[in-house]
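Working through the structure, step by step
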Amino acid sequence: MLLELDFQSDVPIYIQLKVQIIEGIATGKLKPGESLPSVRQLAADLGINLHTVNKAYNFLKQDGFLVIHRQKGVVVNPDQSPNVNDEFITRLEGDLRPFAAEAYCRGMTEQQFGEICRNLFIEFKKTRGENI
């Protein structure tokens, strides 16, 4: 999987890594049980601090997307993706709130906002070959 970092972005590098790995899982580019580079290897490949990669990997582990084995290293969770729970819904609402507020202030309709979200889901389903 090719990771692209924007060093000029206001978004921290570890968040960019986290988001891109989750998107890789969502699109099927990263498969359950697939190995990821070690913290040191990915940091060297991307030219970033290993603590940054470690932070992203640890968040992904806590969220259930990755498993860290002593022998196998870092792998995409082979058992299942994390489930929707109250904590996730609360975090999702908090993350979406500023986007919804800005969309509202700019005059976007509820239908337009919902359509954007729906299209993103459809895009992920298509890349995985799921029925739409």
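Residues numbered from 1 in each chain as written. Predicted model: local features only at pLDDT ≥ 70, side-chain atom pairs only at ≥ 80, totals over all residues. Heavy atoms only, no water.

**Considerations on the packing of aromatic side chains**
Within this structure, the stated rule accounts for one aromatic pair. With a centroid separation of 5.7 Å and 20° between ring planes, the pair formed by tyrosine 14 and phenylalanine 59 is classed as stacked. Taken together, the positions of tyrosine 14 in helix α1 (residues 13-27) and phenylalanine 59 in helix α3 (residues 50-62) put the pair 45 residues apart, joining distant regions of the chain. If you follow lysine 55 out to its NZ or CZ, it ends over the ring of tyrosine 14, 4.2 Å from the centre. (Phe/Tyr/Trp six-rings, centres within 6.5 Å; stacked < 30°, edge-to-face > 60°. Helix = DSSP H or I, 4+ residues; strand = E, 2+ residues; numbered from the N terminus. Lys NZ or Arg CZ within 6 Å of the ring centre and 35° of its normal.)

**A closer look at the domain arrangement of the protein chain**
You'll often see interface size given as the accessible area lost when the parts meet. By domain assignment, the protein chain separates into domain 1 (13-76) and domain 2 (86-131). Look at where the C-alpha atoms of domain 1 and domain 2 centre, and you get two points 24 Å apart. Facing seven residues of domain 1, the contacting portion of domain 2 comprises four residues. Of the roughly 440 Å² buried where domain 1 meets domain 2, counting both sides, 49% is carbon and sulfur surface. The largest contributions to the domain 1 side of the interface with domain 2 come from Glu23, Ala26 and Thr27, which together make up 67% of the buried area. One can count three residue pairs in polar contact (both at pLDDT 80 or more) joining domain 1 with domain 2. Its residues placed into classes, the side of domain 1 that touches domain 2 shows two nonpolar, two polar and three charged. (Domains from an automatic or database assignment. Contact = heavy atoms within 4.5 Å. Buried area = accessible area lost by both parts, 1.4 Å probe. Polar contact = N/O pair within 3.5 Å; in protein donor to acceptor, adjacent residues only side chain to side chain. Nonpolar A, V, L, I, M, F, W, Y, C, P; charged D, E, K, R; others polar.)

**Notes on a nonpolar patch on the surface**
A cluster of nonpolar side chains, namely Val84, Phe88, Ile89, Leu92, Leu96 and Phe99, defines an oily patch on the protein surface of about 530 Å² accessible area. Mapped onto the elements of the fold, leucine 92 is located in helix α4 (residues 86-105). Taking relative accessible area as the criterion, leucine 92 reaches 36% and is therefore assigned partly exposed. (Patch = residues over 30% accessible without salt bridge, like charges linked within 9 Å, V, L, I, M, F, W, Y side chains within 5 Å. Areas by Shrake-Rupley, 256 points an atom, 1.4 Å probe, with all protein chains shown as cover. Salt bridge = Lys/Arg side-chain N within 4 Å of Asp/Glu carboxyl O. Buried < 20%, exposed > 50% of the residue type's maximum accessible area, 1.4 Å probe, protein only.)

**Section: the side chain of glutamine 16**
When you line up the elements, glutamine 16 lands in helix α1. Looking at glutamine 16, the relative accessible area reads 8%, which means it is buried. The residues touching glutamine 16, leaving out its near neighbours within four places in the chain, are Glu4, Leu5, Asp6, Ser9 and Val11.

**Details of the environment of histidine 51**
In this fold, histidine 51 is placed in helix α3. Separated by 11 residues in the primary sequence, histidine 51 and arginine 40 have C-alpha atoms spaced 9.0 Å apart.

**Some words on α1**
Helix length check: α1 (15 residues) gives 21 Å between terminal C-alpha atoms against 21 Å at 1.5 Å per residue, within 8%. Buried within α1 we find Ile13, Tyr14, Gln16, Leu17, Lys18, Ile21, Gly24, Ile25 and Thr27. Tucked inside the fold, the buried residues of α1 contact α2 (39-46), α3, β1 (66-69), β2 (73-76), α4 and α5 (110-127). Of the residues flanking the end of α1, it is glycine 28, one or two places downstream, whose phi is positive at about 85°. (Expected span 1.5 Å × (residues − 1).)

**What to know about the pairing of β1**
Inspection of the sheet shows β1 paired to β2 by four bridges, in the antiparallel sense. Opposite leucine 66, over in β2, you have valine 76 as the bridge partner. Hairpin connection, β1 to β2: the antiparallel pair is bridged by three residues. (Pairing = 2+ DSSP bridges.)

**Examining the nonpolar core**
Counting residues in hydrophobic clusters, the biggest one holds 22 residues, and the most contacted among them are Leu17, Ile21, Ile48, Val53, Tyr57 and Leu66. Of all the secondary-structure elements, those providing two or more residues to this core are α1, α2, α3 and β2. Per-element tally for this core: the top contributor is α1, with five residues. The residues contacting leucine 17, other than those within four sequence positions of it, are Leu3, Leu5, Leu46, Ile48, Thr52, Val53 and Ala56. (Core = buried A, V, L, I, M, F, W, Y, C linked by side-chain atoms within 4.5 Å.)

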